[in-house]
Amino acid sequence: MRLLAATEDHSIHFRRVHLEDMGRVRNRTVCSIDGEEVTSAEIGKGYEVEKDNVIPISDDELADMPLPTARAIDVVAFVDRNTTDLIRLGQTYYLEDGFTDHGGVRMAFKVGECIA
């Protein structure tokens, strides 16, 4: 099973510009300690254990963590379509069949049971 967006974003998005010459305003990444600009290659992830105590976390460590929700969706309930104002939903999705690894087959069976 795959979860796919059922809607598209048609809202208007603005750019931040310098009003004097309409040049695009960019955000710079600057180190809070030394004030130097850093490149994306110099930026990593860290978890703040307590104020001013951050431990570095690598992408490999994140990939090895057992995250139960990384590839799972908990279906709490199904509601009648006529009882829900769809305009209130921020994003709607639909399930697509055919993605069978990581329990997808079991998911398809469970969704089928709930709908029936």
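Residues numbered from 1 in each chain as written. Predicted model: local features only at pLDDT ≥ 70, side-chain atom pairs only at ≥ 80, totals over all residues. Heavy atoms only, no water.

### Re the overall build of the protein
Argument step 1. Along the protein, the regular secondary structure elements total two helices and four strands.
Argument step 2. Ordering the α and β elements of the protein from the N terminus gives β-β-β-α-β-α.
Argument step 3. A total of 116 residues make up the protein; the buried ones form 4% of that total.
Argument step 4. Put simply, of all contacts in the protein between residues at least 6 apart along the chain, 49% involve residues at least 24 apart. (Helix = DSSP H or I, 4+ residues; strand = E, 2+ residues; numbered from the N terminus. Buried < 20%, exposed > 50% of the residue type's maximum accessible area, 1.4 Å probe, protein only. Contact = heavy atoms within 4.5 Å.)

### A few points about the environment of Ile57
Argument step 1. Structurally, the position occupied by Ile57 is in strand S3 (residues 53–57).
Argument step 2. Linking Ile57 and Gly44, residues 13 residues apart in sequence, is a C-alpha distance of 7.6 Å.
Argument step 3. In contact with Ile57, not counting residues within four places along its chain, are Lys45, Gly46, Tyr47 and Leu62.

### As for the environment of His13
Argument step 1. Counting through the fold element by element, His13 comes out in the loop between strand S1 (2–5) and strand S2 (45–50).
Argument step 2. At 3.5 Å, the side chain of His13 forms a polar contact with the side chain of Ser11. (Polar contact = N/O pair within 3.5 Å; in protein donor to acceptor, adjacent residues only side chain to side chain.)

### Observations regarding a nonpolar patch on the surface
Argument step 1. A cluster of nonpolar side chains, Val17, Leu19 and Met22, forms an exposed patch at the surface whose accessible area comes to about 320 Å².
Argument step 2. Here Leu19 shows up in the loop between S1 and S2.
Argument step 3. The exposure class of Leu19 is exposed, given its relative accessible area of 73%. (Patch = residues over 30% accessible without salt bridge, like charges linked within 9 Å, V, L, I, M, F, W, Y side chains within 5 Å. Areas by Shrake-Rupley, 256 points an atom, 1.4 Å probe, with all protein chains shown as cover. Salt bridge = Lys/Arg side-chain N within 4 Å of Asp/Glu carboxyl O.)

### Re the pattern of salt bridges
Argument step 1. Applying the stated criterion across every chain, the model contains two salt bridges.
Argument step 2. Note that Arg28 and Glu37 form a salt bridge whose closest N and O atoms lie 3.0 Å from each other.
Argument step 3. On the basis of relative accessible area, Glu37 is assigned to the partly exposed category, the value being 45%.
Argument step 4. In this structure, Asp59 engages Lys45 in a salt bridge whose closest nitrogen and oxygen atoms are separated by 2.9 Å. A residue pair is termed long-range when its members are at least 10 positions apart, and Asp59 in helix H1 (residues 59–64) and Lys45 in strand S2 qualify at 14 residues.

### What about the pairing of S3?
Argument step 1. As defined by bridge partners, S2 adjoins S3 across five bridges and the pair is classed as antiparallel. Looking across to S3, one finds that Gly46 is bridged to Pro56.
Argument step 2. Counting the residues that bridge the hairpin from S2 to S3 gives two residues, and of these Asp52 lies at a positive phi of roughly 65°. (Pairing = 2+ DSSP bridges.)

### A few points about unusual backbone geometry
Argument step 1. Phi is positive for Met22, which is not a glycine, with a value near 60°.
Argument step 2. Position of Met22 among the secondary structure elements: in the loop between S1 and S2.
Argument step 3. Residue classification places Met22 among the exposed residues on the basis of a relative accessible area of 54%.
Argument step 4. Positioned with a positive phi, Asp52 is a non-glycine residue whose angle comes to about 65°.

Just geometry here; none of it tells us what the structure is for.
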